[in-house]
Structure formats: C-alpha cells, structure tokens
There are 2 protein chains.
Amino acid sequence: MAYTATGSVDTVAIVGSGTIGASWAAWFLARGYQVRVTDTMAGRDAFVQHYIETAWPALTRLNIPGESELATALKRLSFHGILEDAVVGAQFVQENASEKLETKQSLLAQIDAALPADRIIASSTSGFGATALSQAMAHPQRLVIGHPFNPPHLIPLVEVVGGDNSDPAAVEWALDFYRQAGKHPILIRKEVPGHLANRLQAALWREAVHLVVDGVASVDDVDAAIAYGPGLRWAVMGPHLTFHLGGGEGGMRHFVDHLGPAVESWWSSLGSPHLTPDVKETLVAGVAQATNGRSLQDLAAERDRRLLDLLEALQSSRKPLSQ
Amino acid sequence: MAYTATGSVDTVAIVGSGTIGASWAAWFLARGYQVRVTDTMAGRDAFVQHYIETAWPALTRLNIPGESELATALKRLSFHGILEDAVVGAQFVQENASEKLETKQSLLAQIDAALPADRIIASSTSGFGATALSQAMAHPQRLVIGHPFNPPHLIPLVEVVGGDNSDPAAVEWALDFYRQAGKHPILIRKEVPGHLANRLQAALWREAVHLVVDGVASVDDVDAAIAYGPGLRWAVMGPHLTFHLGGGEGGMRHFVDHLGPAVESWWSSLGSPHLTPDVKETLVAGVAQATNGRSLQDLAAERDRRLLDLLEALQSSRKPLSQ
C-alpha cells in the first residue's frame, strides 16, 4: 500500500476532543493544517474553541510556523457531530477517545470504514497497544500509536509504536509526518505496557514513593531533588548523554566501568512499594503539605508559565544533540 | 554547642579543589564570601583560577548577588598548600576530596583538629555517609553531608544529611546556611546509599537500560523520550506535583485512586538489568550512535549553553512552588 505523501497532508481529523484532542487541534491549527474535529459529546465545540483561544498566546510566543492570527486560524477549524463527516477529506486521523478499550476499538473501526485505505490513523492512547486497538478494523495495518505528552501543543515528544498487524511503512509514515508537523517523534520497536516515557516516569516515581513512605524525605523535598537537580539537566539531554558527559574524558565507557558498580549497588537497594491505602494517604498528605493551600488552578498556571519560559529559552538553542 | 550564626559567615574554606571544589569556590566567590582553597596536589591553584574565570560569565549572566567584577572577586580568593592555613578563620568548611573513604576520614579529622568546634564541616561526598566519614573526628557531631549536583555553581540542589553522630542542630545549620548562600537544600532524614537524587536517577536509568537492552528503543530515542517529554516538566516541578496536576480536578487523590492501578501494573513489568560486559557494550555503542562523532567537549559546551538558557529563563519565575 502506498500511503499519501506526508508532505501533502493538509487536513487532519481529530476524533475525540477532550483535553488531549483539543490540544492536538490547537497544535495542528497553529502549524497551518485544516482541522476537522468530531465528538459525540454535546458542547465539545465550545470547549475546543475555548481551549485553542487559551493556548494561542503560547503558540504565538513560541513562533510556531504557520498562521499567527487566531481569527484567521479558526477559519480552518470545523466541528462535526458525525464522525464520517470529519474524517472525509482528512489525510491523517488522530484518535483521542477516552481510555476504554471497547470504545476505542469501535471508534477505530468506524474511522477505518470511512477513511480511504491509503491514510494513516494514529491513536493517542497511553494504555493500549495497536494490536488490541485494531481488532475490529478491516485495515489494521494502518493503525499506529502516536502517544503525545500533555499538553501536546507544548511538549514535543510523540511516541510512535506499531502492533502485530501494523505495516512497518505506516510506522515510518507516522514518524515522518509528526517530524514534518514539528513534533519530536521517537520509535518504540515493540509493544510494552505504558509505552516508554511513562515507564521511565513510573520507575523514578516508584523510588520517590519508597523514599517518602520510608521516611527518608518529605514529598516537597523529593520533588525539589528533581526540579532543582537532575530535572534541570534532563530538560536539556536524556539520561545516557548526561552520564556520557558525567564520565569525564572516557565518556560512557568510563562511566559504566568506574561508576557502574556504585549505580548497581543503588539498584539493589531501590524500593518496591505498593499503593496501599496507607501509602496513598501518605502521598496525598505530603502533596497537601507541599502545596500549602495553593489551588490546582494556581499551581497549574505557574507550571504553564514556567514551562513556556523554559520552552522559549530552549527553542533557540534546541537542535537534536545527535546531529 | 552554639554554632556561629549562619548570617555571620563571611569566610568559607574549600578543602580539595577538583571540579567540584573549584565550582563551589566560584559560587561562594560570586556570592561575596572570602574563599580559602587548599589542596595537596600541585598546580590546583591555576586549575581553580581557570575554572572560576570560565564560570564567571554564567554567574554574571544569572545575576548572582555579590560582586560582578571578576578581578575584584578574585581578591577574595586565596590558595593554601597547608590545610590548617586555609581552615583558620573560616566559619564553614566544604570538603571535596576524592571518593576514597580513608582519604576523606583522615582529611576530615585534620580539618576537625584545626577548626574551632562551633563551626560546621560539610562533605560533598556522593558515596559515603557522615557516620562513616566522621570515624576519626574528635567532634563528629559537626559533620554533615552537603552533596551538590554538578556543576554546583549552576545547579541549585544540595542534599543535606547527618549521620548517627551528627548534631541535629548542625544539620539545621547547614540547611539554613546553604539557603542563605542561595542554594536549594533539601533534608534527607536518614542515611541511604546514594543519598536521594542519585537514587531517583538510578531508578529511571535502570528502566532506560532495560528498554535499550531489550530492544524496545535506541539510546537516542530513550534519551529523547526524557529530554523532549517529562524532562521538560521535571525542570519546572517534581514528580508528585506533576501527578497532582495530572490528576484533574481531584489532584493527587484522583491520581492515586484512578491512575494508580495503571502505574502499579507498569511497576510490575519494570526490568532489572545488570551491567554485564554485553550490556555495557550495548550502551557504549548506543551512545556512540546517538552522538554521531561529536566530541565530549562539543556536547558539553552545548549542554552548558542550554542549561544556562534554561536557568536564566526559570530564574525570573522561579520561587518554591510550595510558598
């Protein structure tokens, strides 16, 4: 199957328009695409429009190529109560329904039936693989996972992974398309629970929970250990390059040979907590203490402001370290 | 024992002046302190001076309070071949000798003997606890760990932890002093291998190694999964607050109740690799592929440039999220 050329995509369909779908819509709109949104839930058109209006100043500030005038951009946005209407004419579909297997399977089959077979469908799912999601599709080979990080209009990462039935060319197509659309896609070569970045997050958090529950440090201090320490370095490069440059003249080889034994000894002492009711209470209480009465809205606004400052700062200097 | 008031510290002794000691010297100098450096290795005075000269533009750009003129600041720097000469007159000592237990024990005993007992000694050690390090000291109660993150003149985190013999007031003193000196200290309540942030790094890297070795993704893509994804969020807040804001209206309680089961299922599938010779080769080869011939110097320069951009961007908006 020859797929539509990635460079000729001008229309994207967004199926399911909660927070993730709305954020994808804002991104694609800012990048100059026609965006056709569909959702079965009433009122989602107002929600998406409001989301895009709120996100627009950030997208403008980050100089996303494409249209900078919101009013002009919004002319490229349309809402459709009927899924088939949204999908018709789209060269790419991003599915963002709620994380229920049957819901997604049935929606994907419906998209599959309405969309010409030379077009790729990507699912934003964080919890399922393409093998399971494509069960009811007539053309399962063109389904891939394209898992973004919240919020997709700000965080560049998209995890691309196929399933047992995915066409390798469909996976390549998605990687190429997301790259052209200005994201930073990575290739996950086989299905694993949680994809990749969430597994790394979960691994770090498991030890964080262990240290809190074991009384080693407060939630606030564990969080500060990341945000004022390695988190700052991880925003500029990943863990391997960090260690490569932490290994002195010998780079990664020196690191694994000379610091490896220390790391292995830490590995052997990492904890394996479980989220029992008591552990949950400890974490909830720790967060309450750390946030000291500040509302979620207030904290989220501060997070978004800082994230935008950071993205803007990194943008000028950011190019893949490997190039 | 009543310790010297943290606010009255005007002179800091730096014992051991490799990369960490030199970076501490740059920081304390930029913050306006008298800095007395001692090292038994010949030529370290030139190394430290060169390190400070190289670091100074970054410190000036970050508007570290204190002196901005390098020539004026350097008048507050002195080198001493004899440890006792450096320590005399200092109200605080930061020890940064190489990571050998006997070397550090003997140095700390020597510092202890030369320094009035009302003054705190902190060790930059990443690998030892105060209990072990203080074995040869006459006043073990005033030794604490003050573990910085490389480079200390840029990364705010300092991990403070006492040992079995540490005076709780000495631990409090160190937290207070580092805070006044412009760092972000955290309290680790008991000795654990690797302190805290390195354990979190090790936990994340263990799963990263697992995914690379298991063929799930390349070193380059695993690194990108952090640097273009959660690493960006971790530079603005730690893992618990990230999840608190990822839990929707219900915050952390919603997160642990509704997303906890998924996280626990990922925990149960995390890998436990070992750094066997084959694994080391895989990692070294993966880094070689990811860096594509770029030199360590080139990569380090890019990392430092990006890190500085990021720190500058966060500085205006950065205040502890919990306040």
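Residues numbered from 1 in each chain as written. Chains lettered and ligands numbered in written order. Predicted model: local features only at pLDDT ≥ 70, side-chain atom pairs only at ≥ 80, totals over all residues. Heavy atoms only, no water.

1. Describing the overall build of chain A
Across its full length, chain A carries 14 helices and 8 strands. For 323 residues, the compact-globule estimate of 2.2 N^0.38 gives 20 Å, and chain A sits close to it at 21 Å. Principal-axis analysis of the C-alpha atoms gives chain A an extent of 55 × 45 × 45 Å. Expressed as a percentage of the 323 residues in chain A, the buried residues total 61%. For chain A, long-range pairs separated by at least 24 residues make up 70% of all intrachain contacts whose partners lie at least 6 apart in sequence. Element-wise, carbon and sulfur atoms account for 52% of the exposed surface of chain A, whose accessible area totals about 11800 Å². (Helix = DSSP H or I, 4+ residues; strand = E, 2+ residues; numbered from the N terminus. Rg over C-alpha atoms; globule rule 2.2 N^0.38 Å. Buried < 20%, exposed > 50% of the residue type's maximum accessible area, 1.4 Å probe, protein only. Contact = heavy atoms within 4.5 Å. Areas by Shrake-Rupley, 256 points an atom, 1.4 Å probe, with all protein chains shown as cover.)

2. Some points on the sheet that holds strand 2 (residues 34-38) of chain A
All names here are of chain A. Sheet architecture is open: 8 strands sit in the order 3-2-1-4-5-6-7-8, paired in mixed fashion. Unpaired on one side and paired on the other, strand 3 (77-80) and strand 8 (184-188) mark the two borders of the sheet. Put simply, the sheet's adjacent strands are angled 25° from each other on average, direction ignored. Sitting on the sheet, helix 2 (residues 44-61) touches strand 2 and strand 3, and the angle it makes with strand 3 is about 160°. (Pairing = 2+ DSSP bridges. Axes fitted to C-alpha atoms, helices over the stretch in contact; angles between N-to-C directions.)

3. Here's the deal with the nonpolar core
Judged by nonpolar contacts, the single largest core of 230 residues is most densely connected at A:Phe28, A:Trp205, B:Phe28 and B:Trp205. Once you skip the residues sitting within four places of it in the chain, B:Trp205 turns out to touch A:Pro239, A:His240, A:Phe243, A:Met252, A:Phe255, A:Val256, A:Val263, A:Trp267, B:Leu275 and B:Leu283. (Core = buried A, V, L, I, M, F, W, Y, C linked by side-chain atoms within 4.5 Å.)

4. Considering the packing of aromatic side chains
What the rule picks out here adds up to 33 aromatic pairs over all chains. Taking 6.3 Å as the distance between ring centres and 50° as the angle between the ring planes, the aromatic pair formed by B:Phe47 and B:Tyr51 counts as tilted. Of the two residues, B:Phe47 and B:Tyr51 both sit in helix 2 (residues 44-61), 4 residues apart, roughly one turn of that helix. Centre to centre, the rings of B:Phe92 and B:Phe177 are 4.5 Å apart; their planes meet at 45°, and the pair counts as tilted. In this pair, B:Phe92 sits in strand 4 (residues 92-95) while B:Phe177 sits in helix 7 (residues 168-180), placing the two residues 85 residues apart along the sequence. On the basis of relative accessibility, which here comes to 0%, the residue B:Phe92 falls in the buried class. An aromatic cluster of at least three residues, connected via ring pairs, comprises A:Trp24, A:Phe28, A:Tyr33, A:Phe92, A:Trp173, A:Phe177 and A:Tyr178. Over the face of the ring belonging to B:Trp27 we find B:Lys183, whose NZ or CZ atom lies 4.0 Å from the ring centre. (Phe/Tyr/Trp six-rings, centres within 6.5 Å; stacked < 30°, edge-to-face > 60°. Lys NZ or Arg CZ within 6 Å of the ring centre and 35° of its normal.)

5. Digging into the pairing of strand 4 of chain B
All names here are of chain B. Burial of strand 4 is two-sided: the residues Phe-92 and Gln-94 facing one way and the residues Val-93 and Glu-95 facing the other way are all buried. In the sheet, strand 1 (residues 11-15) pairs with strand 4 via 4 bridges, with the strands oriented parallel. Within the sheet, the bridge partner assigned to Ala-13 lies in strand 4 and is Val-93. The sheet contact formed by strand 4 and strand 5 (residues 120-123) spans 4 bridges and is parallel. Bridging from a neighbouring strand, Gln-94 pairs with Ala-122 of strand 5. Handedness of the strand 4-helix 5 (residues 101-114)-strand 5 crossover: right-handed. (Right-handed = clockwise from strand over helix to strand, strands pointing away.)

6. A word on the sheet that holds strand 6 (residues 143-148) of chain B
Sheet strands line up and pair through hydrogen bonds in the backbone, either parallel or antiparallel. All names here are of chain B. With respect to topology, 8 strands assemble into an open sheet ordered 3-2-1-4-5-6-7-8, the strand pairing being mixed. Each edge of the open sheet is held by one strand with a lone partner, namely strand 3 (77-80) and strand 8 (184-188). The mean angle between the axes of side-by-side strands here comes to 25°, regardless of whether they run parallel or antiparallel. Judged from the 3 bridges that link them, strand 5 and strand 6 form a sheet pairing that is parallel.

7. Thoughts on the relation of the copies chain B and chain A
Overlaying chain B on chain A yields an RMSD of 0.0 Å, the required transformation being a rotation through 180° with an accompanying axial translation of 0.0 Å. The transformation relating the two chain copies, once decomposed into turn and shift, fits a two-fold axis. In terms of C-alpha distance to the rotation axis, chain B has B:Leu204 as its closest residue, with the C-alpha 2.4 Å off the axis. Mapped onto chain A, 100% of the interface residues of chain B are again interface residues, and the two copies thus contact each other with one and the same surface. (Least-squares fit on C-alpha atoms with pLDDT ≥ 70 in both.)

8. Considering the environment of A:Leu62
Residues and elements named next belong to chain A. Among the structural elements, Leu-62 can be located in the loop between helix 2 and helix 3 (70-74). The spatial distance from the C-alpha of Leu-62 to the C-alpha of Asp-164 is 38 Å, given a sequence separation of 102 residues. Residue contacts for Leu-62: discarding those within four places in its chain leaves Leu-154, Leu-308, Leu-311, Glu-312 and Gln-315.

9. Examining the interface of chain B and chain A
Of the residues lining the interface, 112 residues belong to chain B; the matching set on chain A comes to 112 residues. Taken over both partners, the interface formed by chain B and chain A buries close to 11400 Å², and the fraction arising from carbon and sulfur atoms is 66%. Of all residues in chain B, B:Tyr228, B:Trp267 and B:Arg306 give up the largest surface area on contact with chain A, accounting jointly for 8% of the area buried on that side. The interface formed by chain B and chain A includes 8 salt bridges. Where B:Glu207 meets A:Arg199, a salt bridge forms, and the shortest distance between an N and an O atom there is 2.8 Å. Where chain B touches chain A, the interface holds 36 residue pairs in polar contact (both at pLDDT 80 or more). Broken down by secondary-structure element, the contributors of at least two residues to the side of chain B that touches chain A are strand 8, helix 8 (197-213), helix 9 (219-227), helix 10 (230-234), helix 11 (239-246), helix 12 (251-269), helix 13 (277-291) and helix 14 (296-317) of chain B. Examining the composition of the side of chain B that touches chain A, we find that 16 residues originate from one element, helix 8 of chain B, more than from any other. Each residue belonging to the side of chain B that touches chain A can be placed in one class, and the counts come to 62 nonpolar, 26 polar and 24 charged. (Buried area = accessible area lost by both parts, 1.4 Å probe. Salt bridge = Lys/Arg side-chain N within 4 Å of Asp/Glu carboxyl O. Polar contact = N/O pair within 3.5 Å; in protein donor to acceptor, adjacent residues only side chain to side chain. Nonpolar A, V, L, I, M, F, W, Y, C, P; charged D, E, K, R; others polar.)

Taken by themselves, the reported measurements are silent on function.
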